[in-house]
Amino acid sequence: MAEIRLVALLGVAVLALAACTTTTSSASTPAADCTPQTAGLTTFTAGTLTVGVPENPPYTKLNGTEASGMEIDIIAKLAAAECLAVAYTPITYANGIAMINNQKRTDIITGGWYVTAERAEQVGFTTPTYYDQMAIISKSGVDTVAGLETIGTVGSGTGFSWQDDMTEVLGDRLKTYPSTAEMKQDLVAGRIQAALDGYGVATEAYKGTDFTVKQAQADTRVAITTEKPISAFPIDKDNRALSDAFSALIDGYRADGTLAKIAAEYDLAADLVVPADVAATSTR
């Protein structure tokens, strides 16, 4: 779900290695006999895939010197197939795209980025992985936009594609927040009565609480409820070979059920996997 949100992220760049590795006492390197799925791929740093990671569970999370999350699980498989080491570096949603196309510091970035025409002018995209959806979080289990009109004050992360539509519906009863964490604090404290967030993020953020996370039902007043956004990995636009190689692998994970299995491991439904026919026409 990566809309443009200013998410603070502390940490340092760390080096991790994918599977297809051997381990020594000081470091891990791709095994000498590891044969890449695709010959001749290049990265900004030879032999290493540099990956931008924002703090956005369940998609991505930096844990000290390690990265985790459902998209990190996919990255690990991609790197393993191509015999690449993986260097994780912190990003935010404010600087992630620039880290690829301007600064040339990352080959690919993670975090549930939506595929949009505007972004496609700046970076390439792999074939898509998952849908996202506007989630409604409340104690009452409301799942319609109409239900939000009478519930009270509703919070929303800043910069989501539904913001203008929901402002039209709710007016000054829509309160925006720079992050999920701050919005959750107000929801738990009762200062707002419902919250809007990306479905994947909300499922993780409210796990184990008294709040219910529901996918918003279709409402023609809010475009995202009738046209689900698609997520993919932003990647160096000039490195089409790498994008094509990773896309072929991801399409394989789609076909063999790997994407659905990864989603299930994070308590997300299999129907969030973008089907092959939709993926085939997605912006690359």
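Going by the structure above, here's the rest.
Attention here is on the structure that accompanies the text. Quantities reported herein were computed from a predicted structural model and do not represent experimental measurements.

Here we have five strands laid out as an open sheet, ordered E12-E11-E13-E10-E14, and mixed in their pairing. The outermost strands of the open sheet, each flanked by one partner alone, are strand E12 (174-177) and strand E14 (212-215). Across the sheet, the axes of successive neighbouring strands diverge by a mean angle of 30 degrees, strand direction being ignored. In this sheet, E12 lies alongside strand E11 (residues 154-157) in parallel orientation, the contact comprising four bridges. Among the inter-strand pairings, Ser-156 is bridged to a residue of E12, identified as Thr-176. Against the sheet, helix H5 (residues 163-170) touches strand E10 (134-138), E11, E12 and strand E13 (194-198), its axis set at about 150 degrees to E12. Running over the sheet, helix H6 (residues 180-189) touches E10, E11, E12 and E13 and is turned about 160 degrees from E13.

The next thing to look at is helix H1 (residues 70-81). Over its 12 residues, H1 runs 17 Å from end to end, which matches the ideal 16 Å to within 8%, given 1.5 Å per residue. H1 sits mainly inside the fold: nine of its 12 residues count as buried. By the burial criterion, the buried members of H1 are Met-70, Glu-71, Ile-72, Ile-74, Ile-75, Leu-78, Ala-79, Ala-80 and Ala-81. In this fold, the buried residues of H1 make contact with strand E4 (48-53), strand E6 (66-68), strand E7 (85-90), strand E8 (108-109), helix H8 (240-255) and helix H9 (258-265). Count one or two residues on from H1 and you reach Cys-83, which has phi positive near 55 degrees.

Now for empty space enclosed by the protein. Taken as a whole and assessed by the stated rule, the structure comprises one cavity of 30 Å³ or more. Considered as a void within the structure, the largest cavity measures approximately 40 Å³ in volume. In this structure, the largest cavity is lined by Tyr-59, Tyr-130, Tyr-131, Asp-132, Tyr-199, Gly-200, Leu-268 and Leu-272. Broken down by class, the residue content of the lining of the largest cavity amounts to six nonpolar, one polar and one charged.

What counts and how
- Residues numbered from 1 in each chain as written.
- Predicted model: local features only at pLDDT ≥ 70, side-chain atom pairs only at ≥ 80, totals over all residues.
- Heavy atoms only, no water.
- Pairing = 2+ DSSP bridges.
- Helix = DSSP H or I, 4+ residues; strand = E, 2+ residues; numbered from the N terminus.
- Axes fitted to C-alpha atoms, helices over the stretch in contact; angles between N-to-C directions.
- Contact = heavy atoms within 4.5 Å.
- Expected span 1.5 Å × (residues − 1).
- Buried < 20%, exposed > 50% of the residue type's maximum accessible area, 1.4 Å probe, protein only.
- 1 Å grid on protein atoms, 1.4 Å probe; cavity = no way out; pocket = protein on both sides within 12 Å on 5 of 7 lines; lining within 4 Å.
- Points joined across faces, edges and corners; volume = space filled by probe spheres on them.
- Nonpolar A, V, L, I, M, F, W, Y, C, P; charged D, E, K, R; others polar.

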